[in-house]
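# An overview of the molecular structure
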Amino acid sequence: MTKAEKSLQKLEQKIIALLTRRRKMMLRMAGLPDSLLDADIYRKVIEVSRELAEVKTEKQSMQDKLIAKDEEISSLKERLAIAEARLNGVKLPTATSKNSSLPSSKNPIGVKHTNSLREKSNRKTGGQPGHTGATHAPIEDIDVNDVKKVYPLFCPFCGAPIDQSKLTEKEIRFLIDFPTSLLPIVTKYIQLVGKCEKCGKEVKGEFPATVTAPICYGPRVEALVAYLSTFQDIPFKRLTEMLDTLFGIPLSQGSVSNMLQRMRKKSKVPMEVIRQMFMRSTVGGADESGLTIDGDGNWIWVFQTEVVTYLVVDPSRGEKVLNMTFPEGLQNMMLVTDRWPSYFNLLVKDHQICIAHLLRNTFYFVQLLTDETWPTELMELFRNAIEAKYKEGSSKELRQKYDDKFDQLLQRAPRLDSEIYQEKLDTFVKGLQKHKSHVFTFLEYQDVPADNNASERAVRPIKTKMKVSGQFKSLDGAQAYASIHSIVQTARKNGQNPYLALVAVAENGAAADWD
């Protein structure tokens, strides 16, 4: 052995000894015997990883329960305050959709379901000057299947015959109707079999990829079922009756469910495209709403821009849903939301909280504090800010101007004699101070709206679905609804026919790739 080889051997021995000491030290720090074999260490790591995952799941479950408890406590506090106020002779305004976040469907009897916070103008009702009207498509754009001419044969006044060679066209009218039969096109596939003359083996013809069973339904049937169930909110039973009555397609409710699941799988790529488009947007809105799945409370999240709508169903209302959906955050987005805490833990460029929500909350105190001008001044500040952007456009200086006014107004919030009134006002002011830097973001950026109405409009069809069907029977069913509805709403926002968009998904999606 050469001198160099001996030196290299000694160096290797020193490294092994060093690694061995390091290994033992790390095992001792982990509370494990230093004699453990590598395989034992690996098993221990796996066990610890599983335990850690269980702890994280339990932690998230506890957080969700705490959020639910906090909401329940807030509701009980509200009821207690109302009861104490009544005992003390203090009258509190009734919470309605006009002065709180209560949905209009839960308004007390006698309260209008729709109330505008806008002040009345002197203009007449109806379309205003300059308003673009809507009418039927021009007759040139109608696809005509048949043309029939109406000839005058005799004069209705004197009975003389009319010269047919001298007739000219005067008026055109259209009759639009369905054909006598709406029955579907049925294609019968017959598989032929033969023998190879060279090797003698049996050879069969291959059915198309979409023909996998004795009775199959094509992409247009799948798209129609998805459209009627998801967008038109037709329940399964009525949907099967409708398909049988109108088209002679005898589907079972189980077949409808299976079709929706296939459409969900085929929607995977389009859904990812929609998610990516949302992430690349500079302005977007988000909202969440309760959803019942087999009797249990869940949440459906809406993420939308002017051109896309992306829905997510999850049992949680916590920030883990946002982190799972957008793991890298939305670093280039101005996100418009309400004041739900989860949104403010997401990495975004800036926030805009919904002014419409603040106007409703402030109106409650206009009703409550009839002798104070502070709530009215706050409402005027919000309205003036919206009007200022309309007249002056957006600028950083305009935002700073209203930020300063808002800060000054919060600092001089009134002190009240009633403890109940004061507690309510303090809670309101504290919430405003927490998010005061996100109230007038819309004044600096032209494309940022002052309200989150677009997100609430995206939620509305979901609530209609719940009123019609009551609940979803499974999480898979709710997720299928979210995927299909996302595609339908995105198609409509881009001026596309939603049914044809679903046909394209049904034709081009390869469900087998994601099973």
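Remember, predicted model here, so these are calculated numbers, not experimental data.

## A short note on the pairing of strand β5 (residues 309-314)
- Burial analysis of β5 places 6 of its 6 residues in the buried class, which makes it a mostly covered element.
- Here β5 shows two buried faces, one formed by T309, L311 and V313 and the other by Y310, V312 and D314.
- Of the strand pairs in this sheet, strand β4 (residues 296-304) and β5 are connected by 6 bridges, and their pairing is antiparallel. Looking at β5, one finds that F303 is bridged to Y310.
- The hairpin formed by β4 and β5 contains 4 residues between the paired strands.

## What to know about the pattern of salt bridges
- Applying the stated criterion across every chain yields a total of 15 salt bridges.
- Notably, a salt bridge pairs E222 with R262, separated by 2.8 Å at the nearest N-O pair. Of this pair, E222 sits in helix α3 (residues 219-231) while R262 sits in helix α5 (residues 253-266), and the two are 40 residues apart along the sequence.
- The buried category is assigned to E222, whose relative accessible area is 4%.
- Since its relative accessible area comes to 33%, R262 is described here as partly exposed.
- Of the charged contacts in the structure, one is a salt bridge between R412 and E377, with a shortest N-O distance of 2.3 Å. One end of the pair, R412, is in the loop between α10 (396-411) and α11 (419-434); the other, E377, is in helix α9 (residues 374-392), with 35 residues separating them in the sequence.
- Because the salt bridges share partners, they merge into one network encompassing D350, R399, D403 and E444.

## Concerning unusual backbone geometry
- Not every positive phi belongs to a glycine, and D233 is a case in point at roughly 60°.
- Of note, D233 is situated in the loop between α3 and α4 (236-247).
- A positive phi is found at D294, a non-glycine position, where the angle reads about 50°.
- Summarising the element assignment, D294 is placed in the loop between β3 (283-293) and β4.

## Comments concerning the sheet that holds β4
- If you walk across this open sheet you meet the 5 strands as β5-β4-β3-β6-β7, and the pairing is mixed. Strands at the two margins of the open sheet, each flanked by one partner only, are β5 and β7 (348-353). Adjacent strand axes in the sheet meet at a mean angle of 25°, parallel and antiparallel pairs treated alike.
- Bridge count between β3 and β4: 9 bridges; the pairing is antiparallel. Within β4, the position partnered with E288 by the bridge is W301.
- Strand contacts of helix α13 (residues 475-493): β3, β4 and β5, with the helix running at about 170° to β5, the strand carrying the most contacts.

Reading guide: rules and limits
- Residues numbered from 1 in each chain as written.
- Predicted model: local features only at pLDDT ≥ 70, side-chain atom pairs only at ≥ 80, totals over all residues.
- Heavy atoms only, no water.
- Buried < 20%, exposed > 50% of the residue type's maximum accessible area, 1.4 Å probe, protein only.
- Helix = DSSP H or I, 4+ residues; strand = E, 2+ residues; numbered from the N terminus.
- Pairing = 2+ DSSP bridges.
- Salt bridge = Lys/Arg side-chain N within 4 Å of Asp/Glu carboxyl O.
- Axes fitted to C-alpha atoms, helices over the stretch in contact; angles between N-to-C directions.
- Contact = heavy atoms within 4.5 Å.

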